[in-house]
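Chain by chain, the residues run as shown.
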Amino acid sequence: MRALGPLQLQMLEFCRKYPGRHTISPDWQTRRVAQSLQRRGLLHVTDCGMSTATGQPVLMVSLAACAS
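Here we summarise the structure given alongside this text. (Residues numbered from 1 in each chain as written. Predicted model: local features only at pLDDT ≥ 70, side-chain atom pairs only at ≥ 80, totals over all residues. Heavy atoms only, no water.)

Things to note about the pattern of salt bridges
On inspection of all chains with the given rule, the structure shows 2 salt bridges. Across the pair glutamate 13 and arginine 16 runs a salt bridge, and its minimum N-O distance is 3.2 Å. Of this pair, glutamate 13 and arginine 16 both sit in helix α1 (residues 6-17), 3 residues apart, which is roughly one turn of the helix. Residue glutamate 13 is classed as partly exposed on the basis of its relative accessible area, which comes to 44%. The class for arginine 16 is partly exposed, based on a relative accessible area of 40%. Across the pair arginine 31 and aspartate 47 runs a salt bridge whose closest N-O atoms are separated by 3.4 Å. Taken together, the residues span a long stretch of sequence, with arginine 31 in helix α2 (residues 28-39) and aspartate 47 in strand β2 (residues 43-50) at a distance of 16 residues. Exposure remark for arginine 31: the relative accessible area of 22% places this residue in the partly exposed category. (Salt bridge = Lys/Arg side-chain N within 4 Å of Asp/Glu carboxyl O. Helix = DSSP H or I, 4+ residues; strand = E, 2+ residues; numbered from the N terminus. Buried < 20%, exposed > 50% of the residue type's maximum accessible area, 1.4 Å probe, protein only.)

Take a look at the structure:
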């Protein structure tokens, strides 16, 4: 398995520093980073549909129990 990249580490550190669920409206790169961390079992990512205010997709991310 490859090492985590800088964006993956940044997202993981944010979730460790501020525990709980976070709602984000990601661009395609942030979405891919969150999904890659989910595949590794480090984050829980839930697709929450579209934002009514911005029309952008919304994800809810939280740190997986094994990564805390």
